[in-house]
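The residues making up each chain are set out below.
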Amino acid sequence: MKNSALHPNIAVSDARAAIDFYEAALGAETLDVITAGDAVIHSDLVLRSAAGESTFTVAAAFPPDSAAPEPGAPTHASFTIPVEDTDAAYARAIAAGASSLTEPADWFEGFRQAAVRCPFGHRWYFVTVADSVTPQDVQRASDAWAAEGN
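Owing to the predicted nature of the structure, the values given are computational and were not obtained by experimental measurement.

Rules used in this analysis
Residues numbered from 1 in each chain as written. Predicted model: local features only at pLDDT ≥ 70, side-chain atom pairs only at ≥ 80, totals over all residues. Heavy atoms only, no water. Helix = DSSP H or I, 4+ residues; strand = E, 2+ residues; numbered from the N terminus. Rg over C-alpha atoms; globule rule 2.2 N^0.38 Å. Pairing = 2+ DSSP bridges. Axes fitted to C-alpha atoms, helices over the stretch in contact; angles between N-to-C directions. Contact = heavy atoms within 4.5 Å. Expected span 1.5 Å × (residues − 1). Buried < 20%, exposed > 50% of the residue type's maximum accessible area, 1.4 Å probe, protein only. Arc of directions from axis to C-beta.

Quick look at the overall build of the chain now. Secondary structure summary: the chain contains three helices and eight strands in total. For the chain, the succession of helices and strands along the chain, N to C, is β-α-β-β-β-β-α-β-β-β-α. Compactness check: the chain gives a C-alpha radius of gyration of 16 Å against a globular reference of 15 Å for 150 residues, within 12% of the reference. Seen through its C-alpha atoms, the chain measures out along the principal axes to roughly 50 × 30 × 30 Å.

Below you can see the structure in the form of structure tokens.
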């Protein structure tokens, strides 16, 4: 198995249920699952999106070295998935059991985004970005957002 350049390891409270969720909500494909007794200690999943292919690991949290986020509590990281259709990706995740954080909306012309929280506490963004969008466009939109007091 070949991992992507960045291969995040996601700690969750119920790894088997999380794997099932990521398959249903994100279209992830499970490549392998390694267990120790009943606990999933490692798994490799691949996610194919408009930007290409990425891999990630889902495993049970093993305190004190790793902890699963509490659903509804703040998270220390989020994941962004470039998609061809933000609305469809958002709807699929919601149908699979994710909670809405931000409904699909145009942040500015050529940049559409939505955000969900999976049942395991992680935040996922779905974005559709036109090829014509530049870093300067994103900076202008960010400046306007900050000026609004966000």
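There's plenty left to go through after this.
Spatially, four strands are ordered S5-S8-S7-S6 in an open sheet, and the strand pairing comes out mixed. The open sheet has two free edges, formed respectively by strand S5 (78-82) and strand S6 (99-108), since each of these has just one partner strand. The mean inter-strand angle of the sheet, taken between neighbouring strand axes irrespective of direction, is 15°. When S6 meets strand S7 (residues 111-117), the two strands line up antiparallel, connected through six bridges. Within S7, the position partnered with Ser 99 by the bridge is Arg 117. The strands touched by helix H2 (residues 86-96) within the sheet are S6, S7 and strand S8 (123-129), with S7 carrying the most contacts at an inclination of about 10°.

It is worth spelling out helix H1 (residues 15-26) at this point. Between the first and last C-alpha of H1 there are 15 Å, a value that for twelve residues agrees with the 16 Å anticipated at 1.5 Å per step. Looking at H1, one finds that the buried residues are Ala 15, Ala 18, Ile 19, Phe 21, Tyr 22, Ala 25 and Leu 26. Down the axis of H1, the smallest arc covering the buried residues is 165°, so these residues share one side. Note on H1: the residue one or two positions beyond its end, Gly 27, has a positive phi of about 75°.

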